Amino acid sequence: MKILKPLLTILLTVMWLSPLYAEKNSVVIGMQLEPPNLDPTGGAAAAIDEVVYSNIYEGLTRFRADGSVTPGLAKSWTISNDGLVYTFKLQENVKFHNGNNFDAFDVQFSINRARDENSTNAQKGLFKGIRSVDVVNSSVVKITLSNPNGGFIRNLAWGDAIILDPDTADSAASEPNGTGPFKFSKWIKGDRVELVKNNDYWGEAIALEKASFKFISDPTAAFAALMAGDVDAFPVYPAPETLAQFEADPNFNVIVGSTEGETILSTNNKSEKLKDVRVRKAIAHAINRQAIVDGAMFGFGTPIGTHFAPHHPDYIDLTAQSNYDPEKSKSLLSEAGVSDGLTLSLKLPPPSYARRGGEIIASQLREVGIETKIENLEWAQWLEQVFKGKDYDLTIVSHTEPMDIGIYGNPSYYFQYDSQEFRNLMNALNLETNDQERSKILKNAQKLIADDYVNGYLFQLAKTGVANSKLIGLWKNSPTQANDLTGVSWSN
Amino acid sequence: MKFPISFILGFFLSLIFLVITIISFFWVPHDVETLNIANRLKEPSFENLLGTDHFGRDIFSMIMIGGQTSLSVALIAVSLGLILGVPLGLISASLRGSLIDDIIMRGNDLIFAFPSLVIAILITAVFGPSALNAIIAIGIFNIPVFARVTRGAAISIWTLDFISSARIAGKGSFRISLEHILPNILNLLIVQGSIQFSLGILAEAGLSYVGLGVQPPAPSWGRMLADSQTMISFAPNLALFPGITIILAVLGLNLLGDGTRDLIDPRLQDKIK
């Protein structure tokens with residue numbers, strides 16, 4: 001017995017010290033939302049891409065941290081002179097995680113699967129112009145479009161266009177099998193997804209051996225988890241009010257970048273009370289954007305006047321068109337004949353930008369005589385009632401997909417904007433390959449939705465991330481919804 | 001007559017709470033419906049006694065108006081429990097040992113067996129969060145409390161001689177319950193009522209804290225706590241003052257209940273537990 005105690009002491013000391021000596025090669029990334037499944041080709045949730053994009057799955061092309069598109073599984077490509085035929089030369093010696101070889105047939109399968117009539121792909125528009133996908137040989141694939149599409153290479157970089165193994169495509173939702181530098185290890189529902197390094201990765205080797213995505217929905221818990229070191233980074237950190245504190249702490253880096261998230265006061269354009277453009281215009285003039293950015297986001301965010309990211313070269317600043325002008329708003333309301341007694345439902349999903357922004361907007365609308373009935377919803381309820389059921393007047397949500405102005409061309413999208421003029425613009429855009437002309441069309445589209453006051457355009461969501469100051473290589477901006485860990489490592 | 005210290009303390013705390021809430025119906029220092037973002041997160045000052053929150057609203061005014069929510073939700077919920085629970089208890093006591101007694105009391109046990117918050121969440125999930133649904137959720141759990149207290153006390157009175165003489169005089173169970181039992185257990189019900197009232201305030205704060213009580217922008221103590229918890233490290237007044245208010249209101253009502261019990265009948269002390 002006498003020897004037991006010192007032995008135990010030594011053992012415990014060793015156990016306690018050993019993690020300190022081990023070189024750190026794993027990372028825990030915090031995320032607010034848990035993905036509903038892990039198949040980016042089968043669901044719209046941003047959280048899916050935030051786990052799998054570039055980590056587990058790869059597409060023919062891919063987004064980089066700066067928003068540029070570079071080759072992925074396609075080594076190179078040529079475009080025919082008429083802009084219709086894309087010939088992709090694929091990377092060779094690429095294996096899926098289950099050992100299957102990657103070849104041109106997988107590309108054909110994946111793209112045809114995504115554009116299939118019955119596919120549940122959330123971004124089928126990306127593949128709309130494809131006429132056929134042909135295998136030339138095992139490492140060359142030819143995609144023929146029905147019309148030239150200047151954005152096609154970019155479309156293929158989306159998470160919705162990743163390449164699956166035909167053998168395992170059906171189980172992609174729960175057991176992802178891709179070609180990326182990380183292999184799926186396990187998913188503990190409600191807690192985390194774990195990935196391990198893929199030692200047979202075809203590309204540049206990564207520094208990390210292990211990566212976990214931990215799901216923490218509560219902002220207070222997220223704060224505590226970071227402070228306690230339970231998570232190493234929270235790329236989209238949900239409590240902007242505490243960022244100043246992290247900024248002052250040398251153990252943390254606050255990474256403020258831009259996202260593709262246009263935060264808008266989505267308006268049900270088919271609602272009886274809101275189908276009059278004057279009412280929507282009145283709402284737009286009643287909104288003080290800066291107050292929302294300050295009050296809901298503690299100053300993080302750029303006001304926008306249309307559905308377009310300010311860091312995009314084709315962006316035009318239209319905020320002046322819907323400036324804060326309560327008097328104008330009131331006169332517009334009386335012009336529309338609803339100066340008294342307009343009550344609108346305002347259904348808010350959980351993020352703090354929505355909940356806090358909603359309270360601020362409710363107060364601003366009250367100033368001009370519009371009453372709102374706030375209802376706080378969980379995401380599932382929001383998707384059911386607002387997104388699918390279209391049973392709402394107003395809601396606040398951030399549209400985080402890149403270059404998603406095209407959603408305004410879909411009259412059955414939840415804000416139910418039905419404009420032939422806009423659809424004509426989108427069709428023209430898809431046919432146009434000249435960059436200057438494309439830019440002109442995009443600008444016209446931005447102006448059109450601002451003129452129609454389709455939605456209240458609030459601000460571009462800032463990417464406010466917090467990370468351990470020793471962790472390097474995280475994306476600053478979010479050109480697409482992703483937590484690309486391929487370049488992440490620990491500095492000494 | 002000598003007042004117990006707990007009664008005096010509880011009485012004044014409750015009185016302050018009541019008076020402030022009543023005042024808030026007519027006057028508050030600052031309007032809380034209009035947000036003034038530029039004025040946010042101010043420290044306590046003469047202008048804003050307890051500071052301002054993240055929307056620039058005056059915390060003192062919000063606590064005052066939040067009292068309306070707490071008071072009305074708790075009051076209605078307790079009344080619901082009294083109105084339904086006491087008759088059930090009286091019926092049970094008058095028919096003690098019968099099948100009806102069993103059905104009523106086992107029904108009560110059933111409600112007791114459910115964690116109240118889970119049921120409250122269920123109710124608000126099905127019917128949507130609102131003050132009314134919070135009242136219903138809290139009220140339902142007050143029914144078995146009052147039914148049990150009533151039954152327990154009533155049974156002991158049923159065994160007393162004057163009840164037997166009332167029976168001999170030809171009075172039925174209904175009249176005996178109403179004319180002889182109820183007046184004799186009223187003090188117990190008042191004590192239990194004030195304790196349930198304080199628990200009702202706590203429950204309302206809890207439901208609002210998890211987002212199932214009154215909806216914004218109506219101020220509520222529980223939601224003030226929930227909204228401010230991420231800011232506690234740099235603006236502790238946001239969470240501290242609503243928290244203290246809840247503590248004082250609940251403490252005051254509990255002391256009042258305790259004190260009333262002591263005041264009315266010191267011998268009842270063991271019977272209440």
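Residues numbered from 1 in each chain as written. Chains lettered and ligands numbered in written order. Predicted model: local features only at pLDDT ≥ 70, side-chain atom pairs only at ≥ 80, totals over all residues. Heavy atoms only, no water.

**Considerations on the overall build of chain B**
When helices and strands are counted, chain B shows 10 helices and 0 strands. The linear arrangement of helices and strands in chain B, starting from the amino end, is α-α-α-α-α-α-α-α-α-α. Taking the principal axes of its C-alpha atoms as reference, chain B extends roughly 75 × 50 × 30 Å. Burial status across chain B gives 49% buried among its 273 residues. Pairs at least 24 residues apart make up 69% of the contacts formed inside chain B by residues separated by at least 6 positions. When the accessible surface of chain B is split by element, carbon and sulfur atoms take 72% of a total near 13100 Å². If the 16 positive side-chain charges of chain B are averaged to one point and the 17 negative ones to another, these points end up 10 Å apart. (Helix = DSSP H or I, 4+ residues; strand = E, 2+ residues; numbered from the N terminus. Buried < 20%, exposed > 50% of the residue type's maximum accessible area, 1.4 Å probe, protein only. Contact = heavy atoms within 4.5 Å. Areas by Shrake-Rupley, 256 points an atom, 1.4 Å probe, with all protein chains shown as cover. Lys, Arg positive; Asp, Glu negative; His and termini not counted. Charge placed at Lys NZ, Arg CZ, Asp CG, Glu CD.)

**Remarks on the packing of helix α7 (residues 173-209) of chain B against helix α8 (residues 221-228) of chain B**
Residue and element names in this part refer to chain B. Where α7 meets α8, the closest approach of the two axes is 6 Å, and the angle between their N-to-C directions is 40°. Relative to α8, the element α7 is oriented oblique. You can see that α7 and α8 cross each other, and the crossing is right-handed. Between α7 and α8, the residues in contact are Ile201, Ala205, Ser208 and Tyr209 and Trp221, Gly222, Arg223, Leu225 and Ala226, respectively. Split by residue class, the contact of α7 with α8 holds 6 nonpolar, 2 polar and 1 charged. (Axes fitted to C-alpha atoms, helices over the stretch in contact; angles between N-to-C directions. Parallel < 35°, antiparallel > 145°, perpendicular 65-115°, else oblique. Left-handed = near helix turned anticlockwise from the far one by under 90°. Nonpolar A, V, L, I, M, F, W, Y, C, P; charged D, E, K, R; others polar.)

**Observations concerning the interface of chain A and chain B**
One widely used convention gives an interface's size as the accessible area the parts lose upon coming together. Residue-level contacts link 21 residues of chain A with 18 residues of chain B. Across the interface of chain A and chain B, roughly 1800 Å² is buried in total on both sides, 56% from carbon and sulfur atoms. Three residues, Phe298, Glu359 and Arg366 of chain A, lead the burial of chain A against chain B; their summed loss comes to 29% of the area buried on that side. Summed over the shared surface of chain A and chain B, the number is 2 salt bridges. In this structure, Glu359 of chain A and Arg57 of chain B form a salt bridge, with 3.4 Å as the shortest nitrogen-oxygen distance. Across the contact surface, chain A and chain B share 8 residue pairs in polar contact (both at pLDDT 80 or more). Counting residues per element, the ones that place at least two in the side of chain A that touches chain B are α5 (219-228), α8 (289-297), α10 (352-367) and β15 (370-376) of chain A. In terms of residue count, α10 of chain A provides more of the side of chain A that touches chain B than any other element does, 6 residues in total. Tallied by class, the residues present in the side of chain A that touches chain B amount to 7 nonpolar, 6 polar and 8 charged. (Buried area = accessible area lost by both parts, 1.4 Å probe. Salt bridge = Lys/Arg side-chain N within 4 Å of Asp/Glu carboxyl O. Polar contact = N/O pair within 3.5 Å; in protein donor to acceptor, adjacent residues only side chain to side chain.)

**Considerations on the environment of Arg167 of chain B**
All names here are of chain B. Relative to the assigned elements, Arg167 resides in helix α6 (residues 161-168). Taking the relative accessible area as the measure of exposure, Arg167 reaches 40% and is therefore partly exposed. If we ignore the near neighbours within four places in the chain, the residues touching Arg167 are Trp158, Gly172, Ser173 and Ile176.

**A word on the nonpolar core**
All names here are of chain A. Of all hydrophobic cores here, the largest spans 63 residues; its most connected members are Leu265, Ile283, Ile396, Ile405, Tyr408, Phe415 and Phe422. If you tally residues by element for this core, the top one is α10, at 6 residues. If we skip the residues at most four places from it in the chain, Phe422 touches Ile405, Tyr408, Gly409, Tyr417, Ala445, Leu448 and Ile449. (Core = buried A, V, L, I, M, F, W, Y, C linked by side-chain atoms within 4.5 Å.)

**Some thoughts on the pattern of salt bridges**
One pass over the structure, following the stated rule, counts 29 salt bridges over all chains. The closest approach of N and O atoms between Lys89 of chain A and Glu92 of chain A, which form a salt bridge, is 3.7 Å. Take Lys89 of chain A: its relative accessible area is 35%, and that puts it in the partly exposed class. Between Arg175 of chain B and Glu179 of chain B there is a salt bridge, with the nearest N and O atoms lying 3.1 Å from each other. Placement of the pair is Arg175 of chain B and Glu179 of chain B together in helix α7, with a separation of 4 residues, close to one helical turn. Residue classification places Arg175 of chain B among the partly exposed residues on the basis of a relative accessible area of 44%. Residue classification places Glu179 of chain B among the partly exposed positions, given a relative accessible area of 37%.

**Points about empty space enclosed by the protein**
Residue and element names in this part refer to chain B. Under the counting rule described, the total for this entry stands at 6 cavities of 30 Å³ or more. A volume near 90 Å³ is recorded for the largest cavity. Residue assignment for the lining of the largest cavity shows that the elements contributing at least two residues are α2 (59-94) and α8. Of all the elements, α8 adds the most residues to the lining of the largest cavity, at 4 residues. (1 Å grid on protein atoms, 1.4 Å probe; cavity = no way out; pocket = protein on both sides within 12 Å on 5 of 7 lines; lining within 4 Å. Points joined across faces, edges and corners; volume = space filled by probe spheres on them.)

Everything listed here is a matter of geometry and, on its own, says nothing about what the molecule does.
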